[in-house]
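Given next are the chains, with one letter for each unit.
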Amino acid sequence: QVQLVESGGGLVQPGGSLRLSCAASGLFLSNYAVSWYRQAPGKERALVVCTDNSGRISDYADFVKGRFSMSRGNTAHTVYLQMDNLTPEDTAMYYCKAGRWCGVFHSSDYWGQGTQVTVSS
């Protein structure tokens with residue numbers, strides 16, 4: 001059974017940092033395009049960044065450029081999202097997705113349940 005589990009979210013003050021993890025079981029993330037999305041209340045789910053199965057990282061969304069960094073773990077089962085200089089506008093549920101392509105939704109995609117990030121003083 002395939003499962004993606006995000007972790008690392010929480011409450012952080014503006015200017016702070018968090019490191020999100022996406023851990024997979026039942027598949028090798030290295031074989032998939034892995035994306036981070038976020039969804040704030042009342043807003044559509046938005047792509048933050050994606051890495052394809054060759055390890056190439058797509059452009060980061062403008063709203064996180066220079067502050068967020070995606071990386072793959074040493075195993076084939078984990079990816080990370082390092083988030084620095086967080087602002088209240090980064091408050092959202094963050095999801096990871098494993099699929100065939102970056103930026104494309106497909107019925108074969110796997111999603112995690114999300115991890116909440118709240119940036120507030």
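Everything in this summary refers to the structure shown in the same document. (Residues numbered from 1 in each chain as written. Predicted model: local features only at pLDDT ≥ 70, side-chain atom pairs only at ≥ 80, totals over all residues. Heavy atoms only, no water.)

1. A word on the sheet that holds strand E7 (residues 78-83)
Judged by pairing direction, the sheet is antiparallel, and its four strands sit side by side in the order E1-E3-E7-E6 without closing on themselves. The open sheet terminates on both sides in strands that have one partner only, identified here as strand E1 (3-7) and strand E6 (68-72). Neighbouring strand axes in the sheet, compared pairwise and without regard to direction, differ in orientation by 15° on average. The pairing of strand E3 (residues 18-25) with E7 spans six bridges and is antiparallel. Looking at E7, one finds that Ser21 is bridged to Tyr80. (Pairing = 2+ DSSP bridges. Helix = DSSP H or I, 4+ residues; strand = E, 2+ residues; numbered from the N terminus. Axes fitted to C-alpha atoms, helices over the stretch in contact; angles between N-to-C directions.)

2. Considerations on the environment of Val119
When you line up the elements, Val119 lands in strand E10 (residues 115-119). Separated by 102 residues in sequence, Val119 and Ser17 have C-alpha atoms that sit 9.6 Å apart.

3. Observations concerning the packing of aromatic side chains
Applying the stated rule across the entire model yields five aromatic pairs. Between Tyr32 and Tyr110, the aromatic rings sit 6.2 Å apart at their centres with planes inclined by 75°, giving edge-to-face as the arrangement. Here Tyr110 lies in strand E9 (residues 110-111) and Tyr32 lies in the loop between E3 and strand E4 (33-39), a separation of 78 residues in the sequence. Under the relative-accessibility criterion, Tyr32 is labelled partly exposed at 22%. Among the aromatic side chains, those forming a connected cluster through ring pairs are Tyr37, Tyr95, Phe105 and Trp111. A cation sits over an aromatic face here: Arg19 above Tyr80, 3.8 Å from the ring centre. (Phe/Tyr/Trp six-rings, centres within 6.5 Å; stacked < 30°, edge-to-face > 60°. Buried < 20%, exposed > 50% of the residue type's maximum accessible area, 1.4 Å probe, protein only. Lys NZ or Arg CZ within 6 Å of the ring centre and 35° of its normal.)

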